[in-house]
Amino acid sequence: FAVSPVNAQKFQANYDESKVPDYELPDPLTTQSGTAVTEASQWPDRRAEIVDLFTQHVFGQMPDDRQVECEIVRRDDQVHQGATVRTELTVTVKPPQSDAGAADGEAESVEIHVLVDVPRSTSGQDDAAPPAVPAFLGLNFQGNHTVTTDPKVRITQSWVRDRRNETTEENRATAAGRGVAASRWPIEMLNQRGYANITAYYGDIDPDFDDGFENGLHGLMPEFIAGLPPEQRPGSIAAWSYGLSCILDAIEMTPDLGIDISKVAVLGHSRLGKTALWAGATDPRFALVVSNDSGCGGAALSRRAIGETVGRINSSFPHWFCDGFEQYNLNENSLPVDSHQLIGLAAPRPIAVGSATEDKWADPVGEFLAARAASPVYELLGLPGLIDNTGNTPLQPPHPDHAYSNGAISYHLRRGGHDLAEHDWRRYLDFADRFLKQD
Ligand code: GCU
């Protein structure tokens, strides 16, 4: 993903707060035609408008329908000394009906391999089915075999980015990668706290390189994509988000897993945090949304043009967004939306935004300001948005290693760098306990 020197210079990163340009955020509660949204009943229409704007100008369009099949491949009830029931699923995604029919050479299906870890219930009556549990669903960066050292977990066969170490070989994963991402996936802790963990490799859904819509889910829908205005063709984030909805379909089709489908949080880190935000926006079934260090194109305000900017991300990762997003390179003020509205699309569902002090590339301050600027949407719906511990709107980000989490929007700032750490998970679990542990 080398950025050409010309572009790197053109889109040089600024880290100086005093150079943040003056900006005005688009109002989530004023319609495109200028009408003030003052009643909760007006929100669904305004919300649809904002979803359309993000679709057209940032992420691109995916089909409204999905065709999904699900098969249980393996079940192991001896994980974590019997405290966890581990299931591997294969989720088969077929071309959507909106793609007028398989053309020659069109891929027939895409397989997403899903790892599901459910806490064994201790509370179920002898014969009665144990109560279904809430869950976190998040994509992983390197394959399901990297989130645990369990030698039975399938090693991904999909394209992987070459890491220049023994965990990959010619863009394929090797057994040396087992467990390398385990610190990001504290599955045992989640299970002990009563949550299931659901994860899948993002490259199963769409490989993370610019392939001209050939592979992954894009390859299933050439006619659909060809029928779109070119600037609205879906980037990889839109495909990964659609994949998250396909996984949720599969969980819904498999009640035996013991997961409460009405209590599934969607979570993601970094580019997959951008993805989690868009999945939460496009699929109202997600009960809670978590963005960890998602930065530019995610929770950080584009208009601040600090750390990674729109121009920079479009030149290093052009395939993540739709081509329409490029109009806003060095031109953020013309973007009809900004990240506070993406956060507000979760409303009234709870949403957590996490940043890290040293992750300046992702603009922790811009993530805080966006979380705060989403509050009016929640207030319109009768809920507190981002509030501090005294119930007021916070003026500053919290101290490092602290959170503002008493409202329906939570923001925390971890000490340290760009990562999904146990500290972050504890914040998300504490927040989720308030919403997903209620009957
Ligand atoms: C790069 C990119 C970020 C992205 C991150 C990641 O740093 O510039 O936008 O969030 O990769 O996904 O790890």
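To start, this report covers the structure provided alongside it. Note that this is a predicted model, so its numbers are computed, not measured.

Section: the overall build of the chain
Piece 1. What the chain contains, in helices and strands, is twelve helices and twelve strands.
Piece 2. Relative to the globule expectation of 22 Å for 439 residues, the C-alpha radius of gyration of the chain, 21 Å, shows essentially globular dimensions.
Piece 3. Here the contacts in the chain between residues at least 6 apart in sequence split such that 71% fall between residues at least 24 apart.
Piece 4. Looking at the chain as shown, the accessible area adds up to about 17,900 Å², and 47% of this sits on carbon and sulfur atoms.
Piece 5. Between the centroid of the 36 positive side chains of the chain and the centroid of its 62 negative side chains there is a distance of 5 Å.

Overview of the packing of aromatic side chains
Piece 1. Within the structure shown, the criterion is met by 17 aromatic pairs.
Piece 2. Taken together, a centroid distance of 5.5 Å and an interplanar angle of 75° make the contact between phenylalanine 136 and tryptophan 425 edge-to-face. Placement of the pair is phenylalanine 136 in strand β4 (residues 133–140) and tryptophan 425 in helix α12 (residues 422–436), with a sequence separation of 289 residues. For the pair shown, phenylalanine 136 and tryptophan 425 are each scored as buried.
Piece 3. A centroid spacing of 5.4 Å and a plane angle of 55° characterise the contact between phenylalanine 141 and tyrosine 202, whose relative ring orientation is tilted. A residue pair is termed long-range when its members are at least 10 positions apart, and phenylalanine 141 in the loop between β4 and β5 (168–169) and tyrosine 202 in helix α4 (residues 202–205) qualify at 61 residues. Tyrosine 202 carries the same exposure label as phenylalanine 141, and that label is buried.
Piece 4. Counting every residue linked through ring pairs, the aromatic cluster contains Phe54, Phe59, Trp278, Phe317, Trp320, Phe321 and Phe325.

A short note on the pairing of strand β1 (residues 67–79)
Piece 1. Judged from the ten bridges that link them, β1 and strand β2 (residues 84–94) form a sheet pairing that is antiparallel. Residue pairing across strands places cysteine 70 opposite valine 91, the latter belonging to β2.
Piece 2. Linking β1 back to β2 in an antiparallel pair, the connection comprises four residues, with histidine 80 at a positive phi of about 50°.

Some thoughts on the environment of isoleucine 237
Piece 1. Within the secondary structure, isoleucine 237 is located in helix α6 (residues 236–253).
Piece 2. Distance in space between the C-alpha atoms of isoleucine 237 and phenylalanine 321 is 6.6 Å, their sequence separation being 84 residues.
Piece 3. Once residues within four sequence positions are removed from consideration, isoleucine 237 is found in contact with Phe59, Lys274, Thr275, Trp278, Trp320 and Phe321.

Topic: the state of the cysteines
Piece 1. Overall, the coordinates contain zero disulfides when judged by the stated rule.
Piece 2. Of all cysteine sulfurs, the one in cysteine 246 lies closest to cysteine 70, which takes part in no disulfide; the gap is 11 Å.

Considering the site of the ligand
Piece 1. Taken together, Phe141, Ser270, Arg271, Lys274, Glu308, Ile313, Phe317, Trp320, Trp361 and His418 are the residues near the ligand.
Piece 2. Between lysine 274 and the ligand, the recorded distance is 2.9 Å, taken from a side-chain N or O atom to an oxygen atom.
Piece 3. Between an oxygen atom of the ligand and a side-chain N or O atom of glutamate 308, the distance comes to 2.5 Å.
Piece 4. For the ligand, whose unbound accessible area comes to 320 Å², protein coverage reaches 82%.
Piece 5. The residue makeup of the shell around the ligand, split by class, is five nonpolar, two polar and three charged.

Thoughts on helix α7 (residues 271–282)
Piece 1. Taking 1.5 Å per residue, twelve residues should reach 16 Å; α7 reaches 17 Å between its end C-alpha atoms and fits that length.
Piece 2. Residues of α7 that are buried include every one of Arg271, Leu272, Gly273, Lys274, Thr275, Ala276, Leu277, Trp278, Ala279, Gly280 and Ala281, and no others.

Notes on the packing of α6 against α7
Piece 1. Between α6 and α7, the shortest axis-to-axis distance is 8 Å and the interhelical angle comes to 60°. In this view, α6 runs oblique relative to α7, as classed from their interaxial angle. Here α6 runs over α7; the crossing is right-handed. Residues Ile237, Ala238, Trp240, Ser241 and Leu244 of α6 form the contact with α7, whose own contacting residues are Arg271, Leu272, Lys274, Thr275, Trp278 and Ala279.
Piece 2. Partitioning the contact of α6 with α7 into residue classes produces seven nonpolar, two polar and two charged.

Description of the nonpolar core
Piece 1. Counting residues in hydrophobic clusters, the biggest one holds 95 residues, and the most contacted among them are Ile259 and Trp278.
Piece 2. When residues of this core are assigned to their parent elements, the largest contribution, eleven residues, is made by α6.
Piece 3. With residues near it in sequence (within four places) discarded, isoleucine 259 still touches Val116, Val118, Ala132, Val133, Ala135, Ala196, Ile198, Ile251 and Val264.
Piece 4. The next biggest cluster of nonpolar side chains, apart from the first, holds 23 residues, and it includes Ile187, Leu190, Leu267 and Ala287.

Concerning the environment of glutamate 252
Piece 1. Relative to the assigned elements, glutamate 252 resides in helix α6.
Piece 2. Of the residues examined, glutamate 252 reaches a relative accessible area of 42% and is grouped as partly exposed.
Piece 3. Sequence separation between glutamate 252 and cysteine 70 is 182 residues, and the spatial gap between their C-alpha atoms is 9.9 Å.
Piece 4. With sequence-adjacent residues up to four places away left out, glutamate 252 is seen in contact with Ile261 and Arg285.
Piece 5. Within the local environment of glutamate 252, its side chain forms a polar contact with the side chain of arginine 285, the two groups lying 2.8 Å apart.

Each value, and the rule that gives it
- Residue indices follow the written sequence of each chain, beginning from 1 at its first position.
- Under the rules for a predicted model, residues below a pLDDT of 70 receive no local features and side-chain atom pairs below 80 are neither given nor counted, while totals for whole chains, interfaces and linings still include all residues.
- Heavy atoms from the whole structure form the basis of all side-chain values; hydrogens and water molecules are not counted.
- Per the convention used, a helix needs a DSSP run of H or I reaching at least four residues, while a strand needs a run of E reaching at least two, with both numbered from the N terminus.
- Two things to know: the radius of gyration comes from C-alpha atoms, and the globule rule equals 2.2 Å times the number of residues to the power 0.38.
- Any two residues having at least one pair of non-hydrogen atoms within 4.5 Å are treated as being in contact.
- Where accessible areas are quoted, they stem from the Shrake-Rupley method and a 1.4 Å probe; at the residue level, only the protein chains shown are allowed to cover.
- By the counting rule applied here, Lys and Arg register as positive and Asp and Glu as negative, while His and the ends of each chain are not counted.
- Where a charge lies is defined by one atom per residue type, namely NZ (Lys), CZ (Arg), CG (Asp) and CD (Glu).
- The pairing test for Phe, Tyr and Trp rings, Trp by its six-membered ring, is centres within 6.5 Å, and the orientation test on the planes gives stacked under 30 degrees, edge-to-face over 60, and tilted for anything in between.
- The classification of residues rests on relative accessible area computed with a 1.4 Å probe and restricted to protein chains. Under 20% of the type maximum is buried, over 50% is exposed, and intermediate values are partly exposed.
- Following DSSP output, two strands are said to pair if at least two bridges run between them.
- We call a pair of cysteine sulfur atoms a disulfide whenever their separation is within 2.5 Å.
- Only a single heavy atom is needed: when it lies within 4 Å of a molecule or strand, its residue is near that molecule or strand.
- Under this definition, polar contacts are N or O atom pairs within 3.5 Å; protein pairs additionally need one hydrogen-donor-capable and one acceptor-capable atom, and for neighbouring residues in sequence, both atoms have to be side-chain atoms.
- Here the nonpolar group is Ala, Val, Leu, Ile, Met, Phe, Trp, Tyr, Cys and Pro; Asp, Glu, Lys and Arg are the charged ones; every other residue, Gly included, is treated as polar.
- Every helix has an expected span of 1.5 Å times one less than the residues it contains.
- Inter-axis angles, ranging from 0 to 180 degrees, are taken between N-to-C directions of lines fitted to C-alpha atoms, where helices are fitted over the stretch in contact.
- In this scheme, roughly parallel covers angles under 35 degrees and roughly antiparallel covers those over 145, while 65 to 115 is roughly perpendicular and the rest are oblique.
- Helix crossings get a hand from a simple test, with the near helix turned counterclockwise from the far one by less than a right angle marking a left-handed crossing and a clockwise turn marking a right-handed one.
- As used in this record, nonpolar core signifies buried Ala, Val, Leu, Ile, Met, Phe, Trp, Tyr and Cys residues forming a set joined through side-chain atoms within 4.5 Å.

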